[in-house]
Amino acid sequence: MMFSHLEPYAGDPILSLNEAFQADPRPDKVNLSIGIYFDDAGRIPVLDCVRDAEAQMLVANAPKPYLPMEGSAAMRAEVQKLLFGADSAALRDGRIATLQTVGSSGGLKVGADFLKRWLPGSGVWVSDPSWDNHRAMFEGAGVAVHPYPYYDAATGGLRFDAMCETLRSLPPKSVVLLHACCHNPTGVDLSREQWQALVAIVRERELLPYLDIAYQGYGDGITEDAYAIRLFADAGQSFFVANSFSKSMSVYGERAGALSVVCASAAEADLVLGQMKATVRRNYSSPAIHAAGIVGRVLGDPALRQAWEADVAAMRERILAMRQRLHAVLGQRLPGRDFGYFLTQRGMFSYTGLSPAQVDRLRDEFGVYLVRSGRMCVAGLNSGNVERTAEAMAAVLA
């Protein structure tokens, strides 16, 4: 009876919903719950650039030793250029400490443990709403987590004034978690002008931004989606960035991610990298060599890089086409309603405005699966299901 006192785990709500979808026998069911990109045939694509990178690795037939705690040097260098730009002053001055991590989730956890150890008095503020695991990661590290205003349910947009008001009230060294692009779960992003205003507040209040970029390329473009990261770096701000290649390279199970910290000096970056390595050693010890090989080759080989950028553009354009078709059909079925937020929200996700009861109806009556918050993964739509999904949504909204 050693473990009889344990509380049962209720399961992750999104993963549990995905399991329910898999068990649903209806042939025309639609999965818009889990954050995975599917192509127009409803399949997870294998990108040619990834396949070619893996072929190169097989030909090399190299041994597979443990990577260093900080990961592959080649992958880390390419990640820095991708996020900050090859001509970044912070990169040139050696002020960026970067780890290869076990997905961006691993990066978030390493960062949370690091902050608990070295900035123990700092709380973390996350957007309302945010990805559920953001709160869980930091609370699991023993860090206090608080919300700041973000999503405006009345407009499907951003409560930017209220957000700024809250951030201006935070104590110095407070950590502010920000979605660099394609906000999960709402799809509502800051404009460039709003990012610029935010940088001023962060500097004035001596806050520590923690940017998460899991969907680079799904918003406006690979370089364009790194705007906030480069803005903070150019402003001389110290901050964290966790990034992922799960979506952009369609390598979910490889757990390919990184964590970067921009520091005030190269000497400070060396200290940060050393203590992040110590944090990794106490956790998973070292990251995956296969993930490093894929990312390093795709980003570092000019031909593979060009092919990858074309693939990401095609994925982004398909998601946008699904948004436009969903908007058009809903507008036809419910002409008195404004569905413009489907076009202004960006990336894989949208907040539909559906209530939990309406989401339940969608699932039970029409076999369309959404998270009960009303979050929809637009990448689950395709030319074969988008109109039926729109008609089902119109039925529960009527």
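Residues numbered from 1 in each chain as written. Predicted model: local features only at pLDDT ≥ 70, side-chain atom pairs only at ≥ 80, totals over all residues. Heavy atoms only, no water.

Draft legend 1. Representation of the overall build of the protein chain in the model. For the protein chain, the count of helices and strands is 15 helices and 13 strands. The C-alpha radius of gyration computed for the protein chain amounts to 21 Å, which stays within 12% of the reference 21 Å derived for 398 residues, consistent with globular compactness. In terms of principal-axis extent, the alpha carbons of the protein chain reach across some 60 × 60 × 55 Å. A burial count over the protein chain gives 55% of its 398 residues as buried. (Helix = DSSP H or I, 4+ residues; strand = E, 2+ residues; numbered from the N terminus. Rg over C-alpha atoms; globule rule 2.2 N^0.38 Å. Buried < 20%, exposed > 50% of the residue type's maximum accessible area, 1.4 Å probe, protein only.)

Draft legend 2. Seen up close, helix 2 (residues 48-60). Along its 13 residues, helix 2 runs 18 Å from first to last C-alpha, staying within 8% of the 18 Å computed at 1.5 Å per residue. Residues Cys49, Val50, Ala53 and Met57 constitute the buried set of helix 2. Take helix 2 and look down its axis: the buried residues cluster within an arc of 100°, on one side only. Looking at helix 2, the residues exposed on the side facing more than 90 degrees away from the buried face are Leu58 and Val59. (Expected span 1.5 Å × (residues − 1). Arc of directions from axis to C-beta.)

Draft legend 3. Layout of the environment of Tyr227. Along the chain, the position of Tyr227 falls in helix 9 (residues 227-234). Considering only alpha carbons, one finds Tyr227 and Cys181, 46 residues apart in sequence, at a separation of 8.8 Å. Excluding residues within four positions of it along the chain, Tyr227 makes contact with Arg192, Trp195 and Gln196. (Contact = heavy atoms within 4.5 Å.)

Draft legend 4. Seen up close, the pairing of strand 9 (residues 239-244). Taken across its 6 residues, strand 9 has 6 buried, putting it largely inside the fold. Neither face of strand 9 is open: one carries Phe239, Val241 and Asn243, the other Phe240, Ala242 and Ser244, and all of them are buried. Crossover strand 8 (residues 208-213) to strand 9 through helix 9 is right-handed. Pairing geometry for strand 9 and strand 10 (residues 256-262), over 6 bridges, is antiparallel. Looking across to strand 10, one finds that Asn243 is bridged to Ala258. (Right-handed = clockwise from strand over helix to strand, strands pointing away. Pairing = 2+ DSSP bridges.)

Draft legend 5. Local environment of the environment of Leu119. For Leu119, the location among the structural elements is in the loop between helix 5 (103-118) and strand 3 (124-128). Taking the C-alpha atoms as reference points, Leu119 and Asp225, separated by 106 residues in sequence, lie 29 Å from one another. Leaving out residues up to four positions away in the same chain, Leu119 has contacts with Phe114, Lys173 and Leu208.

Draft legend 6. A look at the side chain of Ser122. Take Ser122: it is sitting in the loop between helix 5 and strand 3. Not counting the four nearest positions on each side in its chain, Ser122 is found in contact with Val143, Lys173 and Val175.

Draft legend 7. Layout of the packing of helix 11 (residues 289-300) against helix 12 (residues 302-333). Contact geometry of helix 11 with helix 12 gives a least axis separation of 5 Å together with a crossing angle of 95°. It follows from the interaxial angle that helix 11 and helix 12 lie roughly perpendicular. Residues Arg297, Val298, Leu299 and Gly300 of helix 11 form the contact with helix 12, whose own contacting residues are Pro302, Leu304, Arg305 and Trp308. (Axes fitted to C-alpha atoms, helices over the stretch in contact; angles between N-to-C directions. Parallel < 35°, antiparallel > 145°, perpendicular 65-115°, else oblique.)

Draft legend 8. Here's a closer look at the packing of helix 14 (residues 356-366) against helix 15 (residues 386-397). The contact between helix 14 and helix 15 brings their axes to 10 Å, and the two run at 125°. Accordingly, the angle class assigned to the pair helix 14 and helix 15 is oblique. Between helix 14 and helix 15 lies a crossing whose hand is right-handed. Contact residues: Gln358, Arg361, Leu362 and Phe366 in helix 14; Arg388, Ala392, Met393, Ala395, Val396 and Leu397 in helix 15. (Left-handed = near helix turned anticlockwise from the far one by under 90°.)

Draft legend 9. Seen up close, the nonpolar core. Counting residues in each nonpolar core, the largest one holds 103 residues, and the members touching the most others are Phe245, Met249 and Trp308. Take this core: its biggest share by element is 9 residues, from helix 12. Every residue in contact with Met249, bar those within four places of it in the chain, is listed here: Leu47, Val50, Ile294, Val295, Val298, Leu299 and Trp308. Leu99, Ala112, Ala141 and Val272 belong to the second-largest nonpolar core, a separate cluster that totals 28 residues. (Core = buried A, V, L, I, M, F, W, Y, C linked by side-chain atoms within 4.5 Å.)

Draft legend 10. Local environment of a nonpolar patch on the surface. A cluster of nonpolar side chains, Met2, Phe3 and Leu6, forms an exposed patch at the surface whose accessible area comes to about 400 Å². By secondary structure assignment, the location of Phe3 is in the segment before helix 1 (13-23). A residue is classified by how much of its surface remains accessible, and Phe3, at 62% relative accessible area, is exposed. (Patch = residues over 30% accessible without salt bridge, like charges linked within 9 Å, V, L, I, M, F, W, Y side chains within 5 Å. Areas by Shrake-Rupley, 256 points an atom, 1.4 Å probe, with all protein chains shown as cover. Salt bridge = Lys/Arg side-chain N within 4 Å of Asp/Glu carboxyl O.)

Draft legend 11. Layout of the sheet that holds strand 4 (residues 145-149). Across the sheet, 7 strands lie side by side as 2-10-9-8-7-3-4; this open sheet has mixed pairing. Across the chains shown, the open sheet's two edge strands, defined by having one partner strand only, are strand 2 (96-102) and strand 4. Taken over all neighbouring pairs, the strand axes of this sheet differ in orientation by 25° on average, direction set aside. One ladder, built from 7 bridges, connects strand 2 with strand 10; its direction is antiparallel. In the sheet register, Thr98 faces strand 10, and the bridge partner there is Ser260. Packed on one face of the sheet, helix 6 (residues 132-140) meets strand 3, strand 4, strand 7 (175-179) and strand 8 and runs near 150° to strand 4.

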